[in-house]
There are 2 protein chains.
Amino acid sequence: MKPPRPNLSELARHLGVSIATVSNALSGKGRLSPELAKRIRDAADRMGYVPSQAGRALRTGRSGVLGLVLPDIGNPLYPEIAQEIERVATNAGYGVLIANSRDEIAAQDKAIFQLIERGVDGIVIVPRRGTTVPATACPIAIIDTPTTPRNTVSADHFEGGAQVARHLRALGHEKILLIGDDPSSNVQNARINGMRSQLHEAKEIETIWIVEIEAKGGKSCPLGLAAWRARGFSAFACVSDPHALRALTELQSAGIAIPAEATVTGFDNLQWSSFISPPLTTVKMNMPEIATLALDALVEAIQSREASDDTPSPPVTARKAAVPMELVIRRSSGPAPKEQPAAGISQEESKHA
Amino acid sequence: MKPPRPNLSELARHLGVSIATVSNALSGKGRLSPELAKRIRDAADRMGYVPSQAGRALRTGRSGVLGLVLPDIGNPLYPEIAQEIERVATNAGYGVLIANSRDEIAAQDKAIFQLIERGVDGIVIVPRRGTTVPATACPIAIIDTPTTPRNTVSADHFEGGAQVARHLRALGHEKILLIGDDPSSNVQNARINGMRSQLHEAKEIETIWIVEIEAKGGKSCPLGLAAWRARGFSAFACVSDPHALRALTELQSAGIAIPAEATVTGFDNLQWSSFISPPLTTVKMNMPEIATLALDALVEAIQSREASDDTPSPPVTARKAAVPMELVIRRSSGPAPKEQPAAGISQEESKHA
DNA sequence: TAGCGTTGATTAAACGTTTAATCACACCTG
DNA sequence: CAGGTGTGATTAAACGTTTAATCAACGCTA
């Protein structure tokens with residue numbers, strides 16, 4: 001009842017062989033007879049041997065752990081990223097250490113440093129908007145936007161925006177309001193630029209930023225969308241599902257029917273977007289592929305670093321930098337209403353099922 | 001330009017002292033003159049010394065890493081938990097390794113095992129509904145519900161439910177629909193039981209489970225809430241914000257005004273719940289305190305385990321098992337409508353601002 | 001039969017840290 | 001001045017693994 005956790009020497013002693021032989025048998029590296037190898041492997045899992053990561057890490061210089069830096073774990077956008085990174089990493093034999101940069105400019109660098117201190121073999125970073133990732137001694141993959149200077153791989157936010165815009169044009173919308181949250185976000189700008197790229201012939205395109213509105217109206221204040229509707233804007237294209245949700249409920253509770261009287265679209269296909277009423281038209285990232293590309297590149301860099309020096313090097317590059325997004329058409333988007341409502345229309349009028 | 005990562009012996013050689021002295025100076029453990037200690041510390045961070053976790057872990061037997069097992073990282077409920085655990089753990093000098101049990105019954109055990117394999121010092125588990133956590137060789141904290149047998153600490157979901165119910169009663173609601181997702185969830189049952197505990201004198205209380213409705217109607221199908229409204233149910237109390245969102249939008253798009261004609265409440269105070277229209281009345285967990293309690297207990301267990309044996313022991317117990325929840329009253333809840341609408345009412349009628 | 005290549009196993013060093021044990025030395029005390 | 005007490009530093013072992021180097025034994029060939 002002494003050793004609930006045998007180690008290599010325990011095993012070796014018990015079997016009457018050397019430590020190296022046991023190590024070789026379990027890793028399949030050295031030369032040894034097949035029958036002895038099998039005998040050792042059997043004994044190993046009979047005795048419940050589990051290798052010490054610490055010992056291995058010390059010897060090999062690699063910990064088998066990757067770091068994941070997220071701007072704000074609480075933000076509903078990132079869990080899906082975390083989920084996929086974790087899945088792919090686990091498949092590749094890596095553990096994932098999380099770090100939260102809490103959306104603060106300094107916290108990101110500190111988080112990265114702490115991960116390195118913990119001995120991670122590589123880091124995946126979803127950068128806080130507008131920050132630059134410091135050069136580090138271990139390989140780094142950056143997931144931001146395809147046009148961000150040192151980006152490794154990301155969704156093609158621009159093309160995703162273009163898809164939304166084409167969808168809205170096909171539905172006949174002429175006056176479209178683009179709703180962003182923060183103009184300093186690379187991702188949001190890419191999406192908005194993508195939308196604008198397809199809307200040159202539209203009658204009127206405007207962009208509003210929620211942080212600017214909230215700076216005046218206070219946190220969670222109304223966005224005044226009913227007024228935009230009254231001015232004839234029939235489509236409200238948001239840079240993320242939570243904002244679409246905000247728009248959708250604000251319009252609904254102002255008595256404007258979706259999609260009959262106004263169209264609302266989002267981005268990211270968050271879990272609840274499919275079961276609200278009406279279900280939200282949105283754009284989905286191919287996170288499994290993004291995660292796979294990022295981690296493939298990262299793992300390759302880690303392995304090639306093998307016996308090399310470890311001077312800071314630029315972020316790794318993936319086989320493909322931009323992964324297409326997928327437009328998910330649901331019922332929150334519909335044909336532009338025929339009649340242009342007169343300006344100053346009351347919220348109470350014009351109601352259909 | 002050779003050594004971007006000096007180690008203790010490098011430092012020692014450079015300073016002309018022994019390795020042990022350097023170690024002592026940096027840890028403040030042994031006996032040495034203050035001025036030498038300072039000289040060593042200065043040199044250490046001038047040369048950019050960063051200790052090897054691997055070496056330390058091997059020697060001390062502790063990795064400084066905790067594992068966090070979540071049922072489904074993609075679920076919007078868990079990120080906040082992850083965020084707070086990460087925060088508290090970082091403050092306590094621990095790293096957090098995440099593991100996803102993907103809501104599968106087997107994956108949870110595998111995830112736990114993998115964490116142990118990676119050498120974590122302790123594990124925080126938010127158990128998948130209805131599973132039992134296996135006994136392990138390292139300390140474990142379980143966050144589920146206060147009444148779950150081996151629970152360490154959690155929000156007082158029952159009392160939270162009671163608060164919602166008292167709020168609804170105070171508003172005059174007599175016919176209340178409780179909306180759950182999955183009856184096998186401990187948390188959801190606790191919340192529902194808590195609500196029921198305060199509703200004995202109410203006229204009519206019913207509970208519906210979304211998984212059962214979807215089993216018939218398909219994923220994301222309507223819940224048929226307008227019909228319940230027509231039967232006179234004026235309050236729809238959901239076990240989580242996403243379900244409340246589903247209910248709220250379903251009612252709104254059926255032309256039922258919130259809160260004038262129906263009240264909707266949720267749980268968990270997710271980020272978007274404050275800025276939808278109307279803002280959602282919900283109940284908030286005190287995650288910072290829960291995380292603190294769980295980690296305090298865990299860290300204490302880790303330290304007391306010091307030189308002790310490492311036979312499996314039951315989950316750690318916290319100073320306080322149930323942390324009160326906080327009712328957040330917003331505009332989605334309002335007084336019960338005066339007139340009881342006649343049965344079979346059409347969705348089109350009875351509309352106010 | 002001496003020499004050689006191959007096979008199957010062992011020896012020993014190394015990774016970087018912590019820490020108990022030791023040591024040299026100076027200072028006090030009886 | 002012998003013996004005891006601190007002080008400030010060093011020595012050396014240990015954690016568990018990987019792996020290059022070594023070695024014994026054996027079957028071949030020359």
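Residues numbered from 1 in each chain as written. Chains lettered and ligands numbered in written order. Predicted model: local features only at pLDDT ≥ 70, side-chain atom pairs only at ≥ 80, totals over all residues. Heavy atoms only, no water.

Bring the parts together and some accessible area is lost; that lost area is often taken as the interface size. At the junction of the two partners, chain A supplies 56 residues and chain B supplies 56 residues. A combined buried area of about 4,900 Å² lies between chain A and chain B, and 59% of that area is made up of carbon and sulfur atoms. On the surface where chain A and chain B come into contact, there are zero salt bridges. Joining chain A to chain B, the criterion identifies 15 residue pairs in polar contact (both at pLDDT 80 or more). Those elements giving two or more residues to the side of chain A that touches chain B turn out to be α4 (53-60), α5 (78-91), β2 (95-100), α6 (105-117) and α11 (241-253) of chain A. It is α11(A) that provides the largest number of residues to the side of chain A that touches chain B, a total of eight residues. Here the residues of the side of chain A that touches chain B sort into 25 nonpolar, 18 polar and 13 charged. In terms of strand pairing, β2(A) meets strand β2 (residues 95-100) of chain B through three bridges, oriented antiparallel. Bridge assignment links A:V96 to a residue of β2(B), and that residue is B:I98. (Contact = heavy atoms within 4.5 Å. Buried area = accessible area lost by both parts, 1.4 Å probe. Salt bridge = Lys/Arg side-chain N within 4 Å of Asp/Glu carboxyl O. Polar contact = N/O pair within 3.5 Å; in protein donor to acceptor, adjacent residues only side chain to side chain. Helix = DSSP H or I, 4+ residues; strand = E, 2+ residues; numbered from the N terminus. Nonpolar A, V, L, I, M, F, W, Y, C, P; charged D, E, K, R; others polar. Pairing = 2+ DSSP bridges.)

It is worth spelling out the protein's contact with DNA strand C at this point. Looking at DNA strand C, there are 24 residues lining it, with A:T21, A:S33, B:L8, B:Y49 and B:R59 nearest. Close to the protein, within 4 Å, the atoms of DNA strand C are drawn from sugar and phosphate at a rate of 60%. B:N7 places a side-chain nitrogen or oxygen 3.3 Å from a phosphate oxygen of DNA strand C. The contact in question runs from a phosphate oxygen of DNA strand C to an N or O atom on the side chain of B:Y49, over 2.4 Å. When contributions to the surface near DNA strand C are tallied by element, the ones reaching two or more residues are α2 (19-27) and α4 of chain A together with α2 (19-27) and α4 (53-60) of chain B. (Near = heavy atom within 4 Å.)

For the rest of this paragraph, the subject is the packing of aromatic side chains. Residues and elements named next belong to chain A. Per the stated rule, a full pass over the model turns up three aromatic pairs over all chains. With 5.0 Å between their ring centres and 90 degrees between their planes, W228 and F233 make a pair best called edge-to-face. Take W228: its relative accessible area is 15%, and that puts it in the buried class. (Phe/Tyr/Trp six-rings, centres within 6.5 Å; stacked < 30°, edge-to-face > 60°. Buried < 20%, exposed > 50% of the residue type's maximum accessible area, 1.4 Å probe, protein only.)

Turning our eyes to something else, we now look at the relation of the copies chain A and chain B. Once chain A is rotated about the relating axis by 180 degrees and shifted along it by 0.0 Å, it coincides with chain B to within an RMSD of 0.1 Å. The two molecules are tied by a two-fold rotation axis, judged by turn and shift. The C-alpha atom lying nearest the rotation axis in chain A is that of A:L97; the distance is 2.2 Å. Residue by residue, 100% of the interface of chain A is reproduced at the interface of chain B, so both copies engage with the same surface. (Least-squares fit on C-alpha atoms with pLDDT ≥ 70 in both.)

What follows covers the UniProt feature "domain: HTH lacI-type" (unreviewed entry) in chain A. Per the UniProt record, "domain: HTH lacI-type" (unreviewed entry) is found at residues 6-60 of chain A. Secondary structure content for residues 6-60 of chain A is 69% helix and 0% strand, while the C-alpha to C-alpha distance between its ends is 21 Å. (UniProt positions renumbered as here; feature names shortened; annotations may be inferred.)

A few words now on the packing of helix α5 (residues 78-91) of chain B against helix α12 (residues 287-305) of chain B. Residues and elements named next belong to chain B. Taken N-terminus to C-terminus, the directions of α5 and α12 make an angle of 50 degrees; their axes are 9 Å apart at the nearest point. Classified by the angle their axes make, α5 and α12 are oblique. Crossing handedness for the pair α5 and α12: right-handed. Residues E80, I81, E84, I85, R87, V88 and A89 of α5 form the contact with α12, whose participating residues are M287, P288, A291, T292 and L295. Taken together, the residues that form the contact of α5 with α12 break down as eight nonpolar, one polar and three charged. (Axes fitted to C-alpha atoms, helices over the stretch in contact; angles between N-to-C directions. Parallel < 35°, antiparallel > 145°, perpendicular 65-115°, else oblique. Left-handed = near helix turned anticlockwise from the far one by under 90°.)

Around DNA strand D there are 24 residues in total, and A:L8, A:Y49, A:R59, B:T21 and B:S33 lie nearest to it. Across the atoms of DNA strand D situated within 4 Å of the protein, the share located in sugar and phosphate is 60%. At a separation of 3.2 Å, a phosphate oxygen of DNA strand D approaches a polar side-chain atom of A:K29. B:S18 is positioned with one of its side-chain polar atoms (N or O) 2.8 Å from a phosphate oxygen of DNA strand D. Residues of the surface near DNA strand D, tallied by class, amount to 10 nonpolar, nine polar and five charged.

For the rest of this paragraph, the subject is the side chain of B:E261. Residue and element names in this part refer to chain B. Within the secondary structure, E261 is located in the loop between α11 (241-253) and β9 (263-265). Of the buried charged residues, E261 lacks a salt bridge, with R229 as the closest side chain of opposite charge at 6.2 Å. In terms of polar contacts, E261 uses its side chain to reach the backbone amide nitrogen of A257, at 2.5 Å. (Lys, Arg positive; Asp, Glu negative; His and termini not counted.)

All names here are of chain A. Domains assigned within chain A are domain 1 (8-51), domain 2 (63-155 + 287-323) and domain 3 (157-284). The centre of domain 2, based on its C-alpha atoms, is set 30 Å off from the matching centre of domain 3. Across the boundary between the two partners, domain 2 contributes 11 residues, which contact 10 residues of domain 3. In total, domain 2 and domain 3 occlude about 840 Å² of area from one another, counting both sides; carbon and sulfur atoms represent 54% of this. (Domains from an automatic or database assignment.)

Another point: the environment of A:V50. Structurally, A:V50 is set in the loop between α3 (34-46) and α4. What makes A:V50 buried here is its relative accessible area of 14%. In this structure A:V50 touches A:R5 and B:E117, once residues within four positions along its chain are discounted.

Residue and element names in this part refer to chain A. Read from one edge of the open sheet, four strands run β7-β6-β8-β9, paired in parallel fashion. One side of each edge strand has no neighbouring strand; the edge strands of this open sheet are β7 (204-209) and β9 (263-265). Going from strand to strand, the sheet's axes swing by 15 degrees on average, the running direction of each strand aside. Relative to β9, strand β8 (residues 235-238) runs parallel, the two being bridged by three bridges. Paired with A237 across the two strands is T265, which belongs to β9.

Overall, mixed pairing links the eight strands, which are arranged β4(A)-β3(A)-β1(A)-β2(A)-β2(B)-β1(B)-β3(B)-β4(B) in an open sheet. The strands lining the two open edges of the sheet, one partner per strand, are β4 (140-142) of chain A together with β4 (140-142) of chain B. In this sheet, adjacent strand axes meet at a mean angle of 25 degrees when their direction is disregarded. Pairing of strand β1 (residues 65-70) of chain A with β2(A), which is carried by six bridges, proceeds in the parallel orientation. Paired with A:V65 across the bridge in β2(A) is A:G95. Strands in contact with helix α12 (residues 287-305) of chain A are β1, β3 (122-125) and β4 of chain A; relative to β3(A), the strand with the most contacts, it is inclined by about 155 degrees. On the sheet, α5(B) packs against β2 of chain A together with β1 (65-70), β2 and β3 (122-125) of chain B and is oriented at approximately 170 degrees with respect to β1(B).

With that settled, consider α3(A). Residue and element names in this part refer to chain A. In a regular helix each residue adds 1.5 Å, so 13 residues correspond to 18 Å; α3 covers 18 Å between its end C-alpha atoms and thus fits that length. Within α3, burial applies to A37, I40, A43 and A44. Angularly, the buried residues of α3 cover 130 degrees about the axis, an arc narrow enough to put them on a single face. Of the exposed residues in α3, those oriented more than 90 degrees away from the buried face are P34, E35, D45 and R46. Contact partners of the buried residues in α3: α1 (8-15) and α2. At the exit of α3 stands G48, carrying a positive phi of roughly 70 degrees. (Expected span 1.5 Å × (residues − 1). Arc of directions from axis to C-beta.)

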